[in-house]
Amino acid sequence: MSDDLAAGSLALTLDITAASRADAAGIAERQSRRLAALFRAASAAPRYRALAPVSPHGAVAPLTDWPITGKRELMRDFEAAVTDPEIRLTTLREFIGVPERAGSPYLGRHWAWESSGSTGEPALYVHDAAAMAVYDALEATRRDSPRPWQRCFDPLFLGERFAFVGATGGHFASHVSVQRLRRHWPWAAGGWQCLSILQPLAALVAALNTLQPTILATYPTAAALLADEARAGRLTLRLQEVWTGGETLGAGVREFIEHAFGCALRNSYGASEFLPIAWECAAHRLHVNADWVLLEPVDAHGRAVPPGRLSHTTLLTNLANRVQPIIRFDIGDRISLEAAGPAGAAGDAGTGRCACGSALPVVQVQGRRDDTLVVRGRHGRPVALLPLALTTVLEDEAGTFDFQLLQTAADALQLVLGPQAARGARSRERCRRALADFAARQGAEGLRISTRAQRALPLGRSGKRKRIVALAQKGC
Ligand SMILES: [Zn+2]
């Protein structure tokens with residue numbers, strides 16, 4: 001296939017299908033070809049012209065010669081790090097500032113979303129149409145379905161009633177993606193819905209009961225909460241599949257969700273820097289879409305860690321997006337990465353392939369383990385406050401990113417504000433009020449919320465900061 005990504009979706013799908021069956025050498029060949037094209041495209045951006053490693057005789061420098069970068073550098077030098085000179089941070093901020101525009105193109109040709117992530121630094125991402133076509137084709141081609149026949153006839157899931165439950169109040173990657181597909185195929189819009197995780201649980205359950213989705217896509221903590229509602233008989237769905245992502249999924253939680261809904265669950269791994277990083281196969285392993293995205297697990301000094309060893313963080317290189325090149329970008333996740341073959345019982349050392357037949361590398365993701373807080377509600381009934389909802393309230397409604405929320409008693413929370421947060425009396429009150437209003441909407445009663453500032457927020461045992469910490473796990 002030509003590296004002109006606009007070559008067409010059929011050629012793209014054929015290439016992705018071929019790469020799905022390719023061996024490690026076939027995947028490596030695609031990586032090096034696309035990396036060279038990415039470097040050429042990146043040279044149109046002043047920042048990358050300055051950063052590009054110099055290599056003798058005009059040869060393409062290896063990826064590991066490029067400097068590590070991150071959200072702070074991206075935002076500090078934003079306009080110099082994009083290849084479309086019409087992109088302006090002011091117009092992008094204006095665009096992102098209107099929630100109703102989620103799913104429509106920025107400048108009529110790019111797709112944009114915002115992200116804060118666990119490191120607490122908000123960033124803005126722009127993806128071109130060719131990159132979006134790659135994400136779509138990867139989802140349609142590689143996402144393993146427990147109902148393979150259904151997928152043969154409907155690879156884009158357009159005949160499904162699809163409910164995404166998550167953060168819907170702004171331009172967040174998952175929300176934008178669903179809204180974009182709804183606009184692209186308006187005849188399917190009735191069956192595709194985004195439901196806010198911030199609404200009272202009873203309202204969310206009622207909306208799902210009305211929509212009757214066949215596929216539910218959400219975060220593991222939200223899926224577990226909804227599974228609890230199903231078990232109690234308040235949520236009555238006939239789901240065919242549950243999709244999860246965004247947080248760590250434990251084996252016990254998976255079993256609970258699958259049992260409560262009576263269907264299979266498929267997990268995935270994605271990021272704002274590249275949407276569909278990895279998909280779960282029938283052997284329950286997460287395969288990286290390594291023909292389009294490169295992951296480098298590294299230690300605290302940016303040095304590569306060996307296969308199968310847990311990294312300190314991960315550097316991501318996006319081989320599909322040319323408008324905002326993402327090269328060796330620190331995404332903050334701790335992962336271990338290994339070849340599909342030799343690991344455990346699910347791989348075959350002889351063929352270098354997983355039991356599912358794929359030679360794409362396998363990733364395990366650690367971290368993203370914020371807690372669900374269970375607080376006292378009306379009539380003594382416990383109320384669950386989801387971690388994603390709590391962080392969205394603090395980030396979106398209170399404008400605070402550097403924090404840790406600790407549960408100190410069944411009816412008490414303490415918000416600890418870090419050095420990057422505005423910590424004046426008015427800011428503290430805005431945070432407290434936003435949390436109190438949200439908790440009250442969920443049915444909490446008599447919840448005491450205190451705030452305090454701290455010079456540095458503690459890191460957990462994993463080396464990453466846990467932002468939402470439940471009562472029993474305060475020491476984590
Ligand atoms: Zn597999």
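Remember, it's a predicted structure, so these values are computed and weren't measured experimentally.

**Notes on unusual backbone geometry**
Inference 1: Positive phi values are uncommon outside glycine, yet L107 reaches one of about 60°.
Inference 2: Secondary-structure assignment places L107 in the loop between α5 (89-96) and β1 (110-115).

**Examining the nonpolar core**
Inference 1: The biggest cluster of nonpolar side chains holds 123 residues, and the ones touching the most others in it are A222, A223, V293, V363 and L386.
Inference 2: Tallying contributions element by element places helix α10 (residues 220-231) first for this core, with six residues.
Inference 3: When residues of this core are assigned to domains, at least three fall in each of domain 1 (5-366) and domain 2 (373-473).
Inference 4: Not counting chain neighbours up to four residues away, the residues in contact with A223 comprise L216, T218, V242, T244 and I257.

**Concerning the environment of R33**
Inference 1: Mapped onto the fold, R33 is located in helix α2 (residues 24-42).
Inference 2: Looking at R33, the number of C-beta atoms within 10 Å reads 14, which means it is partly exposed.
Inference 3: Residues R33 and P297, 264 residues apart in the sequence, show an inter-C-alpha distance of 22 Å.

**Some thoughts on the sheet that holds strand β9 (residues 286-288)**
Sheets are built from strands that pair by backbone hydrogen bonding, the pairs being arranged parallel or antiparallel.
Inference 1: As summarised here, the arrangement of the nine strands in space is β4-β3-β5-β6-β7-β8-β9-β16-β13, forming an open sheet in which the pairing is mixed. Looking at strand neighbours, the two that pair on one side only are β4 (192-196) and β13 (334-338), the edges of this open sheet. The average undirected angle you get between the axes of adjacent strands in this sheet is 30°.
Inference 2: Of the pairings in the sheet, the one linking strand β5 (residues 215-218) to strand β6 (residues 241-244) comprises four bridges and is parallel in character. Bridge pairing in β6 places A217 opposite W243.

**Quick look at helix α8 (residues 173-184)**
Inference 1: With twelve residues, α8 extends 16 Å from end C-alpha to end C-alpha; this agrees with the ideal 16 Å at 1.5 Å per step.
Inference 2: All of the buried residues along α8 are A173, S174, H175, V176, S177, V178, Q179 and L181.
Inference 3: Close packing links the buried residues of α8 with β1, β3 (162-166), β4 and β8 (274-280).

**A few points about the pairing of strand β16 (residues 362-366)**
Inference 1: Inspection of the sheet shows β9 paired to β16 by two bridges, in the antiparallel sense. Paired with L286 across the two strands is V363, which belongs to β16.

**Regarding the domain arrangement of the protein chain**
Inference 1: The assigned domain composition of the protein chain is domain 1 (5-366) and domain 2 (373-473).
Inference 2: For domain 1 versus domain 2, the distance between C-alpha centres works out to 28 Å.
Inference 3: The partner domain 2 presents 21 residues to the 20 residues of domain 1 that form the contact.
Inference 4: Ranked by residue count, the leading element in the side of domain 1 that touches domain 2 is α10, at three residues.

**Focus: the packing of α10 against helix α11 (residues 251-261)**
Inference 1: In the contact formed by α10 and α11, the axes pass within 9 Å of each other and the chain directions differ by 40°. Classified by the angle their axes make, α10 and α11 are oblique. In the packing of α10 onto α11, the handedness of the crossing is left-handed. Contact residues: P220, A223, A224, A227, A230 and R231 in α10; V253, F256, I257, A260 and F261 in α11.
Inference 2: Of the residues in the contact of α10 with α11, the class split is ten nonpolar, no polar and one charged.

**Section: the environment of L10**
Inference 1: Among the structural elements, L10 can be located in helix α1 (residues 9-21).
Inference 2: L10 gets classed as exposed once you count the C-beta atoms within 10 Å, which come to 9.
Inference 3: Remark: the alpha-carbon pair of L10 and Q240, spanning 230 residues in sequence, is separated by 28 Å.

The rules we used
- Residues numbered from 1 in each chain as written.
- Predicted model: local features only at pLDDT ≥ 70, side-chain atom pairs only at ≥ 80, totals over all residues.
- Helix = DSSP H or I, 4+ residues; strand = E, 2+ residues; numbered from the N terminus.
- Core = buried A, V, L, I, M, F, W, Y, C linked by C-beta atoms within 7 Å.
- Buried ≥ 20, exposed ≤ 12 C-beta atoms within 10 Å, placed from the backbone.
- Domains from an automatic or database assignment.
- Contact = placed C-beta atoms within 7 Å.
- Pairing = 2+ DSSP bridges.
- Axes fitted to C-alpha atoms, helices over the stretch in contact; angles between N-to-C directions.
- Expected span 1.5 Å × (residues − 1).
- Parallel < 35°, antiparallel > 145°, perpendicular 65-115°, else oblique.
- Left-handed = near helix turned anticlockwise from the far one by under 90°.
- Nonpolar A, V, L, I, M, F, W, Y, C, P; charged D, E, K, R; others polar.

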